Amino acid sequence: MKNRDEIAERLAASGYIADGELATAISLMQSLRRPLLLEGEAGVGKTEVAKALAALHTTELIRLQCYEGLDQSAALYEWNYQRQLLAIQAHQGQNASEVEDQIFSEKYLLERPLLAAIRREEPPVLLIDEIDRADDEFEAFLLELLSDFQISIPELGTIKATSIPLVVLTSNGTRELSDALRRRCLYHYVDYPDVDREARIIMARVQGASASLALQIARMVENIRKEDLRKVPGVAETLDWAVALIGLDIRDLHDDPEIVHETLMCLLKTREDKARFKPEITAKLLGKVA
Amino acid sequence: MSGSGKSPIDHDVDRLVATRLAGFVTTLRDNAFAVGSREGKDAAAVIAEGYGECPELLRSAFKHLFSTRKADWDKFDGIFDAFWLGKRVKSRSTITGASKPVNNPSLKSLQDRNAERGDGEQAFDQMPSPEDPPNGRGEGRMEGASQAINLAEVDFRKMSDPDQITQAHAAAAQLAQAMRSRLTRRYLARRHGYRLDIRRTIHANIAHGGTPITLVKRRRKDKPLRLVVLLDASGSMSMYTAVFIRFIHGMLDEFHEAEAFLFHTQLAHVSDAMKERDPARALDRLSMMAQGAGGGTRIGLCLQTFNRWHAARVIHSRTCVMIVSDGYETGDANLLGREMAQLTKRCRRVVWLNPMAGWDGYAPEAAGIKAALPHVDLYAPANTLESLLALEPYLAKL
């Protein structure tokens, strides 16, 4: 068993402040060889986990961004049609089946993320981002790939994985994922970090953030999250805000409540939320921040 | 306990661990976790890797392994503690020697509680509910009596003959089916290949020396419309609930994608319970879930819950939301208006079916319905089968 404290430490070194549970998940991922499914609100740092994981293993990160209508030719492989057409012209007059053999060889194959991930010498980290945006059919296809780690290309035959990648899937919950896919994966729910961890994240990510300011920002953001908002600010927004405050040379949130209020646009991303947050509310929340 | 060359004692310990693990897996299944045999095997591997040294670590490891969704994730710790730590188990040796799950009092109570509530419990909404689920049931059987000649024109609440009711149910299911096929036919008629499929084109033209003579086109992918039904199950609606539940049952069967919610003072996601093959049993399960029916209706609050927790998951741009309610709001009518406005932004169409609207002399005077109407695309009566059937052409155009 890999020591999970050690994993958490090494993640922290690469700029990701993990909680103990995530470290457990990562060590389990290695010992059970299962993909990790991360769910959580937008902006809590799901994608960052994969990046940190790649840094942890000092290996390549291959990313597949899912969207509606994503199909095999964008995710798996594609033939290089231009080259194929040229080759057919160049070999005119030859036996048709010979030409076919030639143009459907590896030379004419374009790797897409999924194929690339299983053909590396060193196992990479494969990030399948926002799987809930892809169609059901693609999910089913992915399931097959994740269980066998082999791909069959009709013209070429079956390609077996040379190395099994570490797979991280993320989902925002815009669509219910199939039970089959869920069962194949380890599950981790990424929640908004607590004040302590968020302060540490700010200090790790934002240059020039003092401990006291980071803590103040984290407390303030926690209070804001408790308000009834349409779009709750994530960690990414917190970092934006911290950068903005430091850029405006704020050392303490109580120094200049006006600037604090004005910079809240880094956190509040809808008109309704912005309209709800009157200066008095900001002042009230600031009062709660020691 | 890993590695080869085990002593007989090791084997005994292994067997005990396996038994205990099997018990845990069963408990999880009772609590609606989707756990297969593979998870069981992996769990044994996890223990063999040394995660069993410390309960905290084991809990965290099992949590990742056995959970498949947020609901599981949230309740896992409680189940784990009840099962493994119920007897203040601190070390692995005690874990392995612990008694069977049924003899474990804390666990047993957990199981009993679960059995009592039935499977529907976990389908309840994430909204924290202050009241305990009461255990009375019996809702929404139709009352009144009238021997009418034309069934299609009989108000649902006046039907009492079981045959008539069955007939009404069948018609509702049939309607759902008719609506579905209309809904999808429009997409079929538009199916012309509009993009070249280069891969197949090249393949098809190798014999022509690469000159693309035969073109292969890609077809447009069919995307079914999704229907989300929100059914009011409050006291004022009780006479209609049964028929509409049958109607929803038909919808869930016939539509590729449909979701159903029930609301009164709180909102419940009922699609799973409704997928019960037998409508009568579905009704039983539902009446267990829809406790508090017969009280007031807080439509605004329920819609808020829906918008906040469910909408992102169940609604997309091809969704039609159908609200079946009489619009008697006991909560804040302004909230209802606001939430309706939000809902309208999210989905393609909002249909409001009101059984009362078919009554003689009814006018939408209630504060709730007044606030909601500006945001509704179609407002229609739905107290007879005829009025439901009249919706078909409109729904087909969505």
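Residues numbered from 1 in each chain as written. Chains lettered and ligands numbered in written order. Predicted model: local features only at pLDDT ≥ 70, side-chain atom pairs only at ≥ 80, totals over all residues. Heavy atoms only, no water.

1. Some points on the pairing of strand β7 (residues 157-160) of chain A
Residues and elements named next belong to chain A.
Thought 1: With 4 bridges connecting them, strand β6 (residues 150-153) and β7 associate as antiparallel partners. Residue pairing for β7: Ile 153 is matched across the bridge by Gly 157.
Thought 2: Two successive antiparallel strands, β6 and β7, enclose a turn made up of 3 residues. (Pairing = 2+ DSSP bridges. Helix = DSSP H or I, 4+ residues; strand = E, 2+ residues; numbered from the N terminus.)

2. So, the interface of chain B and chain A
Thought 1: Tallying the contact residues gives 38 residues for chain B and 45 residues for chain A.
Thought 2: Buried surface at the junction of chain B and chain A, both sides included, amounts to about 4,000 Å², of which 52% is carbon and sulfur.
Thought 3: In this structure, the salt-bridge partner of Arg 34 of chain A is Glu 39 of chain B, at a minimum N-O distance of 3.5 Å.
Thought 4: For the interface between chain B and chain A, the tally reads 15 residue pairs in polar contact (both at pLDDT 80 or more).
Thought 5: Taken together, the elements giving at least two residues each to the side of chain B that touches chain A come down to α2 (37-48), α3 (55-66), α4 (70-84), α8 (198-204), α12 (299-314) and α13 (333-346) of chain B.
Thought 6: The dominant element in the side of chain B that touches chain A, judged by the number of residues it contributes, is α3 of chain B, at 6 residues.
Thought 7: For the side of chain B that touches chain A, a count of residues per class yields 12 nonpolar, 11 polar and 15 charged. (Contact = heavy atoms within 4.5 Å. Buried area = accessible area lost by both parts, 1.4 Å probe. Salt bridge = Lys/Arg side-chain N within 4 Å of Asp/Glu carboxyl O. Polar contact = N/O pair within 3.5 Å; in protein donor to acceptor, adjacent residues only side chain to side chain. Nonpolar A, V, L, I, M, F, W, Y, C, P; charged D, E, K, R; others polar.)

3. Re unusual backbone geometry
Residue and element names in this part refer to chain A.
Thought 1: Phi is positive for Arg 33, which is not a glycine, with a value near 55°.
Thought 2: If you trace the backbone, Arg 33 turns up in the loop between α2 (20-32) and β1 (36-39).
Thought 3: The backbone of Thr 58 sits at a positive phi, close to 40°, despite the residue not being glycine.
Thought 4: Its place among the elements puts Thr 58 in the loop between α3 (46-56) and β2 (61-65).
Thought 5: Of the residues examined, Thr 58 reaches a relative accessible area of 73% and is grouped as exposed. (Buried < 20%, exposed > 50% of the residue type's maximum accessible area, 1.4 Å probe, protein only.)

4. Considerations on α2 of chain A
All names here are of chain A.
Thought 1: When the terminal C-alpha atoms of α2 are compared, their 18 Å separation across 13 residues agrees well with the 18 Å that a helix rising 1.5 Å per residue should span.
Thought 2: Summarising burial for α2: 10 of the 13 residues are buried, a large majority.
Thought 3: Looking at α2, one finds that the buried residues are Leu 22, Ala 23, Thr 24, Ala 25, Ile 26, Ser 27, Leu 28, Met 29, Gln 30 and Leu 32.
Thought 4: Phi turns positive, to about 55°, at Arg 33, one or two residues after α2. (Expected span 1.5 Å × (residues − 1).)

5. Side note on the sheet that holds strand β3 (residues 226-232) of chain B
All names here are of chain B.
Thought 1: Strand order in the open sheet formed by 6 strands is β5-β4-β3-β6-β7-β8, and the pairing between neighbours is mixed. Edge positions in the sheet fall to β5 (267-269) and β8 (378-381), since each has one partner strand and no second. Neighbouring strand axes in the sheet, compared pairwise and without regard to direction, differ in orientation by 20° on average.
Thought 2: The pairing of strand β7 (residues 349-354) with β8 spans 4 bridges and is parallel. By the bridge assignment for β8, Val 351 is matched with Leu 378. (Axes fitted to C-alpha atoms, helices over the stretch in contact; angles between N-to-C directions.)

6. So, the packing of helix α10 (residues 195-205) of chain A against helix α11 (residues 211-226) of chain A
Residue and element names in this part refer to chain A.
Thought 1: Direction vectors running N to C along α10 and α11 enclose 130°, while the axes themselves pass 8 Å from each other. Judged on the interaxial angle alone, α11 and α10 are oblique. With respect to the hand of their crossing, α10 and α11 are arranged in right-handed fashion. On α11, the residues touching Val 195, Glu 198, Ala 199, Ile 202 and Met 203 of α10 are Ala 211, Ala 214, Leu 215, Ile 217, Ala 218, Arg 219, Val 221, Glu 222 and Arg 225. (Parallel < 35°, antiparallel > 145°, perpendicular 65-115°, else oblique. Left-handed = near helix turned anticlockwise from the far one by under 90°.)

7. Description of the pattern of salt bridges
Thought 1: Under the counting rule described, the total for this entry stands at 25 salt bridges over all chains.
Thought 2: Residue Asp 249 of chain A pairs with Arg 251 of chain A through a salt bridge whose shortest N-O separation is 3.2 Å. Each member of the pair, Asp 249 of chain A together with Arg 251 of chain A, is exposed.
Thought 3: As a salt-bridge pair, Arg 59 of chain B and Asp 81 of chain B come within 2.9 Å of each other at their nearest N and O atoms. Here Arg 59 of chain B, found in helix α3, pairs with Asp 81 of chain B, found in helix α4; they are 22 residues apart in sequence, far enough to count as distant.
Thought 4: Overlapping salt bridges bring together Glu 60, Glu 106, Glu 111, Arg 119 and Arg 120 of chain A as one network.

8. Considerations on the environment of Glu 198 of chain A
Residues and elements named next belong to chain A.
Thought 1: Locating Glu 198 in the fold gives a position in helix α10.
Thought 2: The buried category is assigned to Glu 198, whose relative accessible area is 1%.
Thought 3: Here the alpha-carbon distance between Glu 198 and Val 221, two residues 23 residues apart in the chain, equals 9.2 Å.
Thought 4: Beyond its immediate sequence surroundings of up to four residues, Glu 198 is in contact with Pro 193, Ala 218, Val 221, Arg 225, Val 235 and Thr 238.
Thought 5: In terms of polar contacts, Glu 198 uses its side chain to reach the side chain of Arg 225, at 3.0 Å.

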